[in-house]
Amino acid sequence: MRLSNPQVSQDPENVAMIKDFFHKFVHNQKGHEFSALYNAFQEAGFGERFQTYRGAIKNIHADSGGLQIVTLGKTITDEIKEKIYLNQAKSADVGMCFDEIPVVLTSDRSDRNDVNQRYFDKENYKEMASKTGKNIRRQLEVFDEQESNCKPFAILQGNCYDTYMTWMDRLLSEVPEEWHERIGGIAMGAAALGTGPLEDVKRAVIASQISLRNKEGKLHLHILGVGSARRLLPYLIFCQNGLYDHIE
């Protein structure tokens, strides 16, 4: 639909037509809502353009772009993080955090779904969890400085139930307790777990056990890196059998 195209987002007639489309989708699909997602690193201007669709879409999500930064061979610096946080504060309702990924590469590169060229960094994952928590704390500080209502999403990493839970505990220990309810939700990373059918089921079950809830008392889950119906199946089943109370 090219919603970010200036010729679309700046044309009142086009915007009205697209908003009408979204309203019809929601009306015809009970229990469904639609949000927009952009990459705050590579698509920094998209968030501002998406503002024209307010009222028709639920939220605007801004990915941190951390994976793209690394893929391009760049280093994630504090300066880059600050720039991303400012963009999220200005244009988004939800801002994905910068997570430290606990894997060791056995070569100089690894595709996101390649589990043969990396292994779980069990020795250092707790420290990486703490660094991720510090990133979220700074993210919230910037949101406060900008008087923004944007909510960070915590990305969790691990290799099993215990390591995911430890990651959550270490992450939250770096964020003031009174700010915990400001974390909008969680996203389960799979870099150190894998992406096969069994791993997808494990990740989906572990997500349901995370104690962190948003202000409404609900588990707000962002399904990270799932781009096919097959990989969505565990989440659909767990929605139907009541394991999840809310999913996005």
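None of these values were measured; they are calculated from a predicted model. Each chain has its residues counted from 1, running along the sequence as written. It should be noted that, the model being predicted, local features are given only for residues of pLDDT at least 70 and side-chain atom pairs only at 80 or more, the latter also being counted only at that level, while totals for whole chains, interfaces and linings use all residues. Hydrogens and water are ignored here; the side-chain numbers use all heavy atoms of the structure.

(A) Expanded view of the overall build of the protein chain. The numbering of helices and of strands both runs from the N terminus, where a helix is a DSSP run of H or I of at least 4 residues and a strand a run of E of at least 2. Looking only at helices and strands, the protein chain has nine helices and eight strands in total. Atoms counted for the radius of gyration: C-alpha only. Globule rule: 2.2 Å times the number of residues to the power 0.38. Here the protein chain has a C-alpha radius of gyration of 18 Å; the compact-globule value for 248 residues is 18 Å, and the two agree. The principal-axis extent of the C-alpha atoms belonging to the protein chain is close to 55 × 45 × 40 Å. Taken over 248 residues, the protein chain has a buried fraction of 44%. For every residue, the accessible area (1.4 Å probe, protein chains only) is compared with the maximum for its type, and the residue is labelled buried under 20%, exposed over 50%, or partly exposed between those bounds.

(B) Inspection of the pattern of salt bridges at higher detail. When a carboxyl oxygen of Asp or Glu lies within 4 Å of a side-chain nitrogen of Lys or Arg, that pair is called a salt bridge. Per the stated rule, a full pass over the model turns up eleven salt bridges. With its nearest N and O atoms 3.8 Å apart, the salt bridge here joins Lys 90 to Glu 48. Here Lys 90 is found in helix α5 (residues 78–91), whereas its partner Glu 48 is found in helix α3 (residues 46–50), with 42 residues between them in sequence. When sorted by exposure, Lys 90 lands in the same class as Glu 48, which is exposed.

(C) Main features of the packing of α5 against helix α6 (residues 125–145). Between α5 and α6, the shortest axis-to-axis distance is 9 Å and the interhelical angle comes to 50°. With respect to α6, the axis of α5 lies oblique. You can see that α5 and α6 cross each other, and the crossing is right-handed. The segment α5 lies against α6, with Lys 81, Glu 82, Tyr 85, Leu 86, Gln 88 and Ala 89 engaging Asn 135, Arg 138, Gln 139, Val 142 and Phe 143. For this classification, Asp, Glu, Lys and Arg are treated as charged, while Ala, Val, Leu, Ile, Met, Phe, Trp, Tyr, Cys and Pro are nonpolar and the rest, including Gly, are polar. Across the contact of α5 with α6, the residue classes break down as five nonpolar, three polar and three charged. Orientation is described by axes fitted as lines to C-alpha atoms, over the contacting stretch for helices, and by angles from 0 to 180 degrees between their N-to-C directions. Note on angle classes: values under 35 degrees are labelled roughly parallel, values over 145 roughly antiparallel, values of 65 to 115 roughly perpendicular, and the remainder oblique. By convention, the crossing between two helices is left-handed when the near helix turns anticlockwise from the far helix through less than a right angle, and right-handed when the turn is clockwise. In this description, contact between two residues means that some pair of their heavy atoms is separated by no more than 4.5 Å.

(D) Quick peek at the pairing of strand β7 (residues 185–188). Here β7 shows a buried face lined by Gly 185 and Ala 187 and a second buried face lined by Ile 186 and Met 188. When DSSP finds two or more bridges between two strands, those strands count as paired. Of the strand pairs in this sheet, strand β6 (residues 151–156) and β7 are connected by four bridges, and their pairing is parallel. Residue Ala 154 lies in a different strand from β7, and its bridge partner there is Ile 186. Sheet analysis places β7 next to strand β8 (residues 221–222), joined by two bridges and oriented parallel. Paired with Ile 186 across the strands is Leu 221, a residue of β8.

(E) Representation of the packing of aromatic side chains in the model. Think of it this way: a Phe, Tyr or Trp ring, Trp meaning its six-membered ring, pairs with another when their centres are within 6.5 Å, and the plane angle makes it stacked under 30 degrees, edge-to-face over 60, tilted otherwise. Taken as a whole, this structure holds ten aromatic pairs when the rule is applied. Where Phe 22 meets Phe 34, the ring centres are 5.9 Å apart and the plane angle is 55°; that geometry is what we call tilted. Of this pair, Phe 22 sits in helix α2 (residues 12–28) while Phe 34 sits in the loop between α2 and β1 (36–39), and the two are twelve residues apart along the sequence. For Phe 22, a relative accessible area of 7% gives the class buried. Its relative accessible area of 28% is what places Phe 34 among the partly exposed residues. Geometrically, the ring pair formed by Tyr 85 and Phe 98 is edge-to-face, given 6.0 Å between the ring centres and 70° between the ring planes. Pair noted here: Tyr 85 is in helix α5 and Phe 98 is in the loop between β3 (94–96) and β4 (103–105), with a separation of 13 residues, a long-range link. Residues Tyr 85 and Phe 98 agree in their burial class; the two are buried.

(F) How the structure looks around a nonpolar patch on the surface. Patch rule: a residue counts if its relative accessible area is over 30% and it has no salt bridge; like charges are joined within 9 Å, and nonpolar side chains (Val, Leu, Ile, Met, Phe, Trp, Tyr) within 5 Å. Exposure was quantified through the Shrake-Rupley algorithm and a 1.4 Å probe, taking into account, for residues, occlusion by the shown protein chains and nothing else. A cluster of nonpolar side chains, Met 1, Met 17, Phe 21 and Phe 25, forms an exposed patch at the surface whose accessible area comes to about 390 Å². Within the secondary structure, Phe 21 is located in helix α2.

(G) Structural context of helix α7 (residues 161–173). Between its terminal C-alpha atoms α7 stretches 19 Å, which fits the 18 Å expected from 13 residues at 1.5 Å a residue. Along α7, the residues classified as buried are Thr 163, Tyr 164, Met 165, Trp 167, Met 168, Leu 171 and Leu 172. Given the number of residues in a helix, its expected span is that number minus one, multiplied by 1.5 Å.

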